[in-house]
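So you can see what is in the structure, the chains are spelled out below.
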Amino acid sequence: MPKQKIKKEMIIDAAFDIVRNEGLEALLVKNIAAKLNCSVQPIYSYCANMDGVKRDLIERTAKFIREFIAARIDKEDYFRSTGRSYLKFAKDEPNLFKLYFLREQPDVCSLSDIYHRESSPQIREFIADSLGLSMEKAKALHLHMIIYTMGISSMATSSNIDVEEEDVLKQLDMAYDAFLSQLKGDTNE
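No experiment lies behind these values; they were computed from the predicted model shown.

Engineer: Sorry if this is basic, but what is going on with the pattern of salt bridges here?
Structural biologist: Side-chain pairing between opposite charges can occur once the charged atoms of the two side chains come close. Here the structure, examined in full by the defined rule, presents 10 salt bridges. Ionic contacts of the salt-bridge type, sharing partners, join the residues Asp77, Arg80, Arg84, Asp173 and Asp177 into one network.

Right under this line is the structure:
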């Protein structure tokens with residue numbers, strides 16, 4: 001049997017490009033094969049079905065998101081710039097945003113699940129230290145901002161909203177200031 005020239009990484013890269021440019025609905029074996037200029041056979045030899053391709057594609061997209069966000073973080077305003085970076089990602093890469101954040105996630109059943117998936121103890125600690133909040137209030141602030149940022153980002157990618165980026169960033173800043181003010185004024189832990 002001759003050695004195949006098509007590698008799994010090539011398939012995932014082609015799938016990534018297709019989804020990024022055309023959306024998840026264009027992710028078909030025939031489109032991947034056309035992009036790689038091959039038959040569908042090499043694709044099926046690596047992936048028994050599209051579920052495997054989608055799993056690998058989601059991992060590839062997660063890596064891309066981490067790199068995208070990291071490149072836009074302002075070290076002087078880490079927390080706020082992270083939210084702004086996610087919003088920029090949604091605006092610049094709507095198809096990848098939809099693939100990753102708007103996909104069905106059967107293992108996410110609560111806000112707590114969302115928080116644990118999108119955060120880490122180190123982030124909560126950083127927020128608490130940098131803003132002078134308890135760990136619980138830092139978690140609450142972060143969860144509020146995750147919900148708000150993902151909500152506004154979802155609206156931006158799944159509707160025809162034509163709002164200036166500056167206006168959306170103002171809304172994000174206002175939400176941050178309101179949530180932070182409420183938590184700092186709340187004496188109940």
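Resuming the write-up.
Engineer: Honestly, the nonpolar core in this entry has me stumped. Any pointers?
Structural biologist: What tends to happen in soluble globular proteins is that the nonpolar side chains get buried as a cluster. Membership of the largest hydrophobic core comes to 38 residues, with the highest contact counts inside it found for Ile32, Phe89 and Phe101. Taken together, the elements giving at least two residues each to this core come down to helix H1 (8-22), helix H2 (29-36), helix H4 (50-70), helix H5 (78-92), helix H6 (94-101) and helix H9 (135-158). With 9 residues, the top contributor of residues to this core is H4. In terms of nonpolar packing, the next biggest core, distinct from the first, is built from 16 residues, Leu133, Leu141, Tyr176 and Leu180 among them.

Engineer: Hey, could you run me through the environment of Lys75 in this one?
Structural biologist: Relative to the assigned elements, Lys75 resides in the loop between H4 and H5. For Lys75, a relative accessible area of 68% corresponds to the exposed category. C-alpha separation for the pair Lys75 and Val40, spaced 35 residues apart in sequence, amounts to 46 Å.

Engineer: Would you mind going over the packing of aromatic side chains with me for this structure?
Structural biologist: For any pair of aromatic rings, the description consists of the separation of the ring centres together with the inter-plane angle of the planes. Applying the stated rule across the entire model yields 10 aromatic pairs. Centroid distance Phe68 to Phe89: 5.2 Å. Interplanar angle 75 degrees. Geometry classified as edge-to-face. Note that Phe68 is positioned in helix H4 and Phe89 in helix H5, a separation of 21 residues in sequence. Note that Arg60 overlies the ring of Phe16, its terminal NZ or CZ placed 3.9 Å from the centroid. Over the ring of Phe68 we find Arg72, and its NZ or CZ is 3.5 Å from the ring centre.

Engineer: How do you make sense of a negative patch on the surface when you look at a structure like this?
Structural biologist: Together, Glu164, Glu165, Glu166 and Asp167 make up a negatively charged patch on the protein surface. Within the element layout of this structure, Asp167 appears in helix H10 (residues 165-185). The class for Asp167 is partly exposed, based on a relative accessible area of 37%.

Engineer: Honestly, a nonpolar patch on the surface in this entry has me stumped. Any pointers?
Structural biologist: Nonpolar side chains collect at one region of the surface, where Leu111, Ile114 and Ile147 lie side by side and expose about 230 Å² of accessible area between them. As for its position among the elements, Ile147 is in helix H9. Looking at Ile147, the relative accessible area reads 39%, which means it is partly exposed.

Engineer: Explain helix H8 (residues 121-131) here, please?
Structural biologist: Helical periodicity: at 3.6 residues per turn, an α-helix aligns residues three or four positions apart in one direction. Within the span of H8, buried status applies to Arg124, Ile127, Ala128 and Leu131. Here the buried residues of H8 occupy an arc of 95 degrees about the axis, which is enough to place them on one side. Across H8 from its buried face, at more than 90 degrees, point the exposed residues Gln122 and Asp129. Residues of H8 that are buried sit in contact with H5, helix H7 (111-118), H9 and H10.

The rules behind the values
- Residues numbered from 1 in each chain as written.
- Predicted model: local features only at pLDDT ≥ 70, side-chain atom pairs only at ≥ 80, totals over all residues.
- Heavy atoms only, no water.
- Salt bridge = Lys/Arg side-chain N within 4 Å of Asp/Glu carboxyl O.
- Core = buried A, V, L, I, M, F, W, Y, C linked by side-chain atoms within 4.5 Å.
- Buried < 20%, exposed > 50% of the residue type's maximum accessible area, 1.4 Å probe, protein only.
- Helix = DSSP H or I, 4+ residues; strand = E, 2+ residues; numbered from the N terminus.
- Phe/Tyr/Trp six-rings, centres within 6.5 Å; stacked < 30°, edge-to-face > 60°.
- Lys NZ or Arg CZ within 6 Å of the ring centre and 35° of its normal.
- Patch = residues over 30% accessible without salt bridge, like charges linked within 9 Å, V, L, I, M, F, W, Y side chains within 5 Å.
- Areas by Shrake-Rupley, 256 points an atom, 1.4 Å probe, with all protein chains shown as cover.
- Lys, Arg positive; Asp, Glu negative; His and termini not counted.
- Charge placed at Lys NZ, Arg CZ, Asp CG, Glu CD.
- Arc of directions from axis to C-beta.
- Contact = heavy atoms within 4.5 Å.

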